Amino acid sequence: MLLIECPYCGVERPELEFRCGGEAHIARPEDPSGKTDEEWAEFLYMRTNTKGVYAERWRHIHGCGRFFNAVRDTVSDKFLKIYKAGEPMPDLASLAKEAGK
Amino acid sequence: MARYSFLELAKNAFSAHKNWGRQWRAPEPKAEYDIVIVGAGGHGLATAYYLASEHGLKNIAVLDKGWLGGGNTGRNTTIVRSNYLWEESAALYQHAIDLWEGLSQELNYNVMYSQRGVMMLAHTVHDIQVFKRHIHANRLAGVQNEWLTPEEAREFCPPLNIQKNIRYPVMGAALQRVGGTARHDAVAWGYARGADSLGVDIIQNCAVTGIRRGADGAVEGVETAKGFIKAKKVGVVAAGHTSVLMEMAGVRVPLESNPLQALVSEPVKPAFPCVVMSNTIHAYISQSDKGELVIGAGTDQFVSYSQTGGIHITTHTIDAICELFPMFRRMRMLRNWGGIVDVTPDRSPIIGKTPVPGLYVNCGWGTGGFKATPGSGHVFAHTIAKDEPHPINAPFTLDRFRTGRLIDEAAAAAVAH
């Protein structure tokens, strides 16, 4: 089981308190009716599904209930960085380098 | 290839079974093939076998980064059934069952296909409604599936606890009598031996590190650990690593890879007559011919390639098994493991062409690909050989995520996500 530190509560809690929300930084289209089918497919379904360093959304559903983002290595399952929703995506390449990958 | 037969067995008995030949060769890769299949699991080997046997193609290689059948083929819980909801899926999985029934004879290899019945338990009113809908849809599609009361379910599977005082009492069950199990390793080995004897090169320990495309965008071949291999057509059948391989060709796919766990108990005498699954409380169980209880658990909720999975997932499954089958409470588990499954948004596979000419993909089987192995290989071979899908896999395109014609099997998939 993963141990996850909620950036709002400031405590490390077991994974059971959280719900994973999938890949992070996928923005809902600002002009939905102006999008083509290809763009909708990309937004709704296509995922990077990286083997390695991956940014994803989590929600502290059995705690404060808020969404936040995390960068995790999907091979070792180790968290490399946790940050609040709305903050920009960190540089995944440099995080990977720091983690020695 | 020496055919296996009673005579062959008797002959080898005289030399204490020390002179059986190898089942397949271990060739070095040639510089060029007509077709390269990436992934020597059940689906990939079946594809190569049918390309050679049904379409008469000879210059084929199957590459794998490890040993053949060492991924999800060797890690799954070997359940075979076809009671899916939509006509498209019922046709696909029933096609596989039709092939399963003659597979041991066709391959001259005992895949130990046993139609012992697959029973899916209903624990809530919602389950009952969903399963009855499946049963009616299946009957219209010509797929066998029937409803059992809790008493009938216990009659079919005597160890089942149908008392009302458990957390999720059994309220009924859907039974597919033609469903059952097969020996997963034998399926990979049988297809490997069959394909090899038809001239297919199976190259193990040869990871694909890149997919090369020409100026016109079409596939030129694959970069591997053993150098560049030229290929006119490349079929990717790589389960949990499909996203990684497709990225090498610049194609994005609607997949997420999750660990799915299973475990086996110590072997005991025959005690469990069928396969029982429960989506609601995340447990499925059968007994192998060797005597072990084979238990399937759920997936982790996040993307991972770790091939392990959280221990709380298996704990949850064991809780359910102990409550449904109290006689297993003191069984000891021998080992548990995880495999990486590639899950699509609609829980149906993707079998077909890609935007890249010459590149084909067979993926997205999620938590339940083993049951479809022969059918999947059969229609994928047709797709590659003819450069157009077989009528059965025509609805299972990558393009359905653009058109919106999804095949939603979330309720029929074995594992609740």
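Let me sum up the structure you'll find in this document. From a predicted model like this one, the values you see are computed outputs, not experimental measurements.

### Some thoughts on the sheet that holds strand 5 (residues 67-73) of chain A
Sheet strands associate in pairs through backbone hydrogen bonding, adopting either a parallel or an antiparallel arrangement. Residue and element names in this part refer to chain A. If you trace the four strands from one edge of the open sheet to the other, you get 3-4-5-6, paired in antiparallel fashion. Looking at which strands have only one partner, the edges of the open sheet turn out to be strand 3 (19-23) and strand 6 (79-84). Direction aside, neighbouring strands of the sheet carry axes that sit 30° apart on average.

### Things to note about the interface of chain B and chain A
Taken residue by residue, the interface counts 24 residues in chain B and 27 residues in chain A. A per-residue breakdown of the area chain B buries against chain A is headed by Arg252(B), Gln301(B) and Phe302(B), which together make up 30% of the total. Summed over the shared surface of chain B and chain A, the result is two salt bridges. Measuring nitrogen to oxygen at the nearest pair gives 2.7 Å for the salt bridge that ties Arg252(B) to Glu42(A). Run the count over chain B and chain A and you get 14 residue pairs in polar contact (both at pLDDT 80 or more). Of the residues belonging to the side of chain B that touches chain A, the class tally is 11 nonpolar, eight polar and five charged.

### A closer look at the packing of helix 3 (residues 87-107) of chain B against helix 6 (residues 184-197) of chain B
Packed helix pairs are characterised by how far apart their axes lie and by the angle those axes make with each other. Residue and element names in this part refer to chain B. Here helix 3 crosses helix 6 at 50°, and the two axes come no closer than 10 Å. As judged from the angle between their axes, helix 3 and helix 6 are oblique. Seen from above, helix 3 lies across helix 6 with left-handed handedness. Contact with helix 3, carried on its side by Trp100, Leu103 and Leu107, involves Val187, Gly190, Tyr191 and Arg193 of helix 6 and no other residues of that element. Of the residues assigned to the contact of helix 3 with helix 6, the class counts are five nonpolar, one polar and one charged.

### Regarding the packing of aromatic side chains
Counted according to the given criterion, the structure contains 17 aromatic pairs over all chains. When the ring of Phe272(B) is compared with that of Phe328(B), the centres are 5.8 Å apart and the planes differ by 50°; the resulting orientation is tilted. Taken together, the residues Phe272(B) in the loop between strand 12 (256-265) and strand 13 (275-278) and Phe328(B) in the loop between helix 8 (311-324) and strand 16 (333-343) connect sequence positions 56 residues apart. For Phe328(B), a relative accessible area of 6% translates into the label buried. Summarising the aromatic geometry, the rings of Phe325(B) and Phe328(B) are spaced 6.0 Å apart at their centres and angled 50° between planes, so their arrangement reads as tilted. Like Phe325(B), the residue Phe328(B) is buried in the burial classification. Taken together through their ring pairs, the aromatic side chains of Trp58(A), Phe79(A) and Phe302(B) make up a single cluster. Directly above the ring of Tyr168(B) sits Arg167(B), whose terminal nitrogen or CZ lies 4.3 Å from the centroid.

### Let's talk about the state of the cysteines
Inspection of every chain in the model, using the stated rule, returns zero disulfides over all chains. Here Cys274(B) stays free of any disulfide, with the sulfur of Cys157(B) as its closest cysteine sulfur at 3.9 Å.

### Some points on helix 3 of chain B
Residues and elements named next belong to chain B. Over its 21 residues, helix 3 runs 29 Å from end to end, which matches the ideal 30 Å to within 8%, given 1.5 Å per residue. When the local axis directions of helix 3 are compared, the greatest deviation, roughly 45°, occurs at Glu101. Those residues of helix 3 that sit buried are Ser89, Ala90, Leu92, Tyr93, Gln94, His95, Ala96, Ile97, Leu99, Trp100, Leu103 and Leu107. If you follow the buried residues of helix 3, they end up packed against helix 2 (42-53), strand 3 (79-80), strand 6 (172-176), helix 6, strand 17 (350-353) and helix 9 (373-386). Looking one or two places after helix 3, you find Asn108, whose phi comes out positive at around 55°.

### What to know about the pairing of strand 13 of chain B
Residues and elements named next belong to chain B. Burial along strand 13 is two-sided: Val275 and Met277 facing one way and Val276 and Ser278 facing the other are all buried. Looking at chain direction, strand 4 (residues 118-122) and strand 13 are connected through three bridges and run parallel. Its bridge partner lying in strand 13, Val118 is registered against Val275. Judged from the three bridges that link them, strand 13 and strand 14 (residues 283-287) form a sheet pairing that is antiparallel.

Parameters and conventions
- Residues numbered from 1 in each chain as written.
- Chains lettered and ligands numbered in written order.
- Predicted model: local features only at pLDDT ≥ 70, side-chain atom pairs only at ≥ 80, totals over all residues.
- Heavy atoms only, no water.
- Pairing = 2+ DSSP bridges.
- Helix = DSSP H or I, 4+ residues; strand = E, 2+ residues; numbered from the N terminus.
- Axes fitted to C-alpha atoms, helices over the stretch in contact; angles between N-to-C directions.
- Contact = heavy atoms within 4.5 Å.
- Buried area = accessible area lost by both parts, 1.4 Å probe.
- Salt bridge = Lys/Arg side-chain N within 4 Å of Asp/Glu carboxyl O.
- Polar contact = N/O pair within 3.5 Å; in protein donor to acceptor, adjacent residues only side chain to side chain.
- Nonpolar A, V, L, I, M, F, W, Y, C, P; charged D, E, K, R; others polar.
- Parallel < 35°, antiparallel > 145°, perpendicular 65-115°, else oblique.
- Left-handed = near helix turned anticlockwise from the far one by under 90°.
- Phe/Tyr/Trp six-rings, centres within 6.5 Å; stacked < 30°, edge-to-face > 60°.
- Buried < 20%, exposed > 50% of the residue type's maximum accessible area, 1.4 Å probe, protein only.
- Lys NZ or Arg CZ within 6 Å of the ring centre and 35° of its normal.
- Disulfide = S-S within 2.5 Å.
- Expected span 1.5 Å × (residues − 1).
- Bend = angle between axes of the 7 residues up to and from the residue.

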